[in-house]
Each structure stands twice: as C-alpha cells, then as structure tokens.
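Structural overview for review
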Amino acid sequence: MSIRLPARGLSVLAVTFLLAAGAPQSAQAQDFVLKFGTLDSPQSIIGKGQKWYLDRVEELSKGKVKFEPYWSSSLVPSRQLLDALKSGISDVSFLIPGYYPGKLPLLTVATLPTTYSDAYTFGKAMSDLVAATPEIREQLAKWGARYLVSQPFPPYNLLSRAPVKSVADMKGLKVRAFGAQAKLMKRLGAVPVGIPTPEVYTSLQRGTIDAASYPPLLIVDFKLHEVAKHFWAQPLASNTSLLAIRLKTWDKLPPEVQQAFDQAAAENHAAYHRIVQVEGNEGSAREAFKKAGVAISPGSQAATDTIDKHTAPIWEEWIQDMEKKGLPGRRVAETFAAALAKASKEVPGR
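Fair warning: this is a prediction, and the values are worked out from it, not measured in the lab.

**What to know about the overall build of the protein chain**
Scanning the protein chain for helices and strands turns up twelve helices and eleven strands. Seen through its C-alpha atoms, the protein chain measures out along the principal axes to roughly 105 × 50 × 35 Å. Here the protein chain holds 350 residues, and the buried ones make up 49% of them. Considering only residue pairs separated by 6 or more positions, the protein chain has 77% of its internal contacts joining residues 24 or more positions apart.

Structure, rendered in structure tokens:
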C-alpha cells in the first residue's frame, strides 16, 4: 500500500530534507572570516609583505579563510595589537616585540643590535628560535596568541643631515634611536634621542636631531629623505616583527586550514625577502633616494668589526637582565645567534 502525501505536505518535507542535507556540507565548506590588524598601510613595503602571507593563506585554504584587514592602526592603536588578540578584537595581528618588553620579554632578543644585512636572515632565525624555545611560545600563549611567521624589517642603517662614512663620523651626532639601538649609539659616541617616528621629519628638518636610524623602506615611507640627504648603508641594528593568531581562533580551525597557515609560513621567508628586501629596500626605496638626491655611502668591514665589538656587551646585558627574571636569557640568545649565523648562509640568490 502506498501513501500519498498532500502536495503542500510534500513541499514542506522536501524543503526540510534539503535543509537537513545541506547543513553538514555548509558547515564543512564554511568560510572563516578573520580580522587582521596592523599598523602598516597596504601600500607600504612592509604592508605588501604582510599581504602576501594573507593572500597565500586564502589561496592554500581554497577560500575557506577570508581576511578582513584593518590597515594603518584602524582596528586598534599599534601598541594594543597584542592585547587585541587576547580580547578577541583581532584574530591575526602584526606585532613588534620591542613594543611589549614586559609581556614578551624573551622575544626582545630580536631587537638587539647586529650587523646582519638582510630580512631573510632575521625572519628565518626568528622562526627557528620560536620553534626551538617553548618558553617563548608560552609567553605568547599567556596573551592568547600563537606565533605564525616572522615579518622582519630589513637592517637599520643611518640617514643624516651631514655625511657619515665611518664610525668615527658618528661621534657627537644626535641620533634618533630606541631600545637596544640607543645603547649602541651611545657606545659608538653618538647621542641617542628617543622621539616618536612621526616627529622625526620635523626634527631632522629643524636640526633638532642630526640623524635617524632606519632601513631605507621606512625612510621613504615617512619621507625622511626629503629633509636629510646622506645615507650610510652600514648595518647597525635590527627590529624583527611577526604575525600571530589568536589561540581561540586557531583552535576552531580544522586541521587542513591550520596546515594552510603553516605552509604559507614555510614559503613566506623567501617571498617576503624578495618583496621587502630586494624589490623594496634595495629596489624602490633606493631608487627614491636617487631621485631625491640622497648621497649613499657604503658600509665597510672595518665598521662592521667595530660595531660587533660594541654589540657583545649589549647582548650580555640583555642576558643578565633575563636571567635575573628567572628566564633562560643565555640559552635564548645563543639559540638566536646560531640561527642568525645559519640563516645568513641560506639567503635566496646568494
């Protein structure tokens, strides 16, 4: 015996069946829309490096991940991007460890001065350091964050109002620098001045400071080459930064989506080096220098040797400071130094 349902009943049943059948498929193909917060603009060289990683994650996830970017500190102020992960305001944040010395003390090892000369070295060494150091991962986790990948600045050099071609020329110069960079400037005979980056343009213009320590790409971003016409291409220091994801967000992602983040991270170092170091720092930024009439003086091995002698006590001071806090400062510093030396031999194109 067959049972015939009324047409209206069949319609309702069909709709119900389709909704039920579609539910698991919809959940499986669900998009994860993640808020991304950064202090950089998408037009900046660093911003372009960040965008490469976001785009690659979207591609590798086959569209399951979509980023909702908030550029130029439009989500939260730059120094609140770590807290934004813990509160849930941000899902992925661009972090500069030097902004959070009390919250991420071990990562400030990457702000110590060195004379390595490219973004790949800093980025790969940072990732190797985090992978080898559970204490760093624990410090990030305390703030609800998980490390994704390093997004480093190229080495810091010197832009000045008057020519600087050697360490001796730095004596007595008032130089904008912060953190461990300021300690190095003092040891080199300069007078470190701690002013915010937005104030550097007018300070150079008025002669309040004589020089500023930045990589070329940041000099161009802030148009500092308009008011200071001498550039010394000597590596002086570094300032490594990174992308981190909210732990609670990470834990909601299925394994294949997490794999997309990790694969993009593995590919990031070479791609980021190409975009930021080669095409940006050594390419478009240097071209902007030439158009603006900036005189470029090369660095030297003699300057590198002198600077290296002065960086050693700064690293030791950092180690002692960490050890007094009960943190493995010496192990972290030695691990990072070894990672830098190893990565410097693996730079693409060399």
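**Digging into the packing of aromatic side chains**
Enumeration over the complete set of coordinates arrives at nine aromatic pairs. By the ring-pair criterion, three or more aromatic residues cluster together here, those being F94, F153, Y156 and Y214. Above the plane of the ring of Y99 lies R79, whose end atom (NZ or CZ) is 3.9 Å from the centre. The residue whose ring lies beneath K103 is W143, and the NZ or CZ to ring-centre distance is 4.6 Å.

**Some points on the packing of helix α11 (residues 301-324) against helix α12 (residues 329-343)**
α12 packs onto α11 with a crossing angle of 140 degrees between their chain directions and a minimal axis gap of 7 Å. One finds that α11 runs oblique with respect to α12. Residues W315, E316, W318, I319, Q320, M322 and E323 of α11 form the contact with α12, whose participating residues are G329, R330, V332, A333, F336, A337 and L340.

**Comments concerning α11**
An ideal rise of 1.5 Å per residue puts 34 Å on 24 residues; α11 measures up with 35 Å between its terminal C-alpha atoms. Buried residues in α11 make contact with α6 (179-187), β9 (230-237) and α12. Of the residues one or two after α11, G326 is the one with positive phi, at around 80 degrees.

**Thoughts on the pattern of salt bridges**
For the structure shown, the criterion picks out 13 salt bridges. Its salt-bridge partner being D128, residue K124 comes within 3.0 Å of it at the nearest N-O pair. A residue pair is termed a helical-turn pair when its members lie 3 or 4 positions apart in one helix, as K124 and D128 do in helix α4 (residues 119-132) at four residues. Given a relative accessible area of 27%, D128 falls into the partly exposed group.

**A look at the sheet that holds strand β3 (residues 92-95)**
Whenever strands of a sheet pair, they do so through backbone hydrogen bonds, lying parallel or antiparallel. Read across the sheet, five strands follow the order β2-β1-β3-β10-β4 without closing on themselves; strand pairing throughout is mixed. Looking at strand neighbours, the two that pair on one side only are β2 (65-70) and β4 (145-150), the edges of this open sheet. Going across the sheet, the axis of each strand differs from the next one's by a mean of 25 degrees, ignoring polarity. The sheet contact formed by β4 and strand β10 (residues 242-246) spans five bridges and is antiparallel. The partner of Y147 across the bridge, within β10, is A244. Packing against the sheet, helix α2 (residues 45-60) makes contact with β1 (32-37), β2, β3, β4 and β10, and its axis sits at approximately 160 degrees to β2.

**Structural notes on the sheet that holds β9**
Across the sheet, which stays open at both edges, the six strands sit in the order β7-β6-β8-β5-β9-β11 with mixed pairing between neighbours. The sheet is open, and its two edges are formed by β7 (191-193) and β11 (295-298), each paired on a single side. Each strand of the sheet is rotated relative to its neighbour by a mean of 30 degrees, with strand direction disregarded. Of the strand pairs in this sheet, strand β5 (residues 156-160) and β9 are connected by four bridges, and their pairing is antiparallel. When the sheet's bridge partners are listed, L158 is paired in β9 with W232.

Scoring rules and cut-offs
- Residues numbered from 1 in each chain as written.
- Predicted model: local features only at pLDDT ≥ 70, side-chain atom pairs only at ≥ 80, totals over all residues.
- Heavy atoms only, no water.
- Helix = DSSP H or I, 4+ residues; strand = E, 2+ residues; numbered from the N terminus.
- Buried < 20%, exposed > 50% of the residue type's maximum accessible area, 1.4 Å probe, protein only.
- Contact = heavy atoms within 4.5 Å.
- Phe/Tyr/Trp six-rings, centres within 6.5 Å; stacked < 30°, edge-to-face > 60°.
- Lys NZ or Arg CZ within 6 Å of the ring centre and 35° of its normal.
- Axes fitted to C-alpha atoms, helices over the stretch in contact; angles between N-to-C directions.
- Parallel < 35°, antiparallel > 145°, perpendicular 65-115°, else oblique.
- Expected span 1.5 Å × (residues − 1).
- Salt bridge = Lys/Arg side-chain N within 4 Å of Asp/Glu carboxyl O.
- Pairing = 2+ DSSP bridges.

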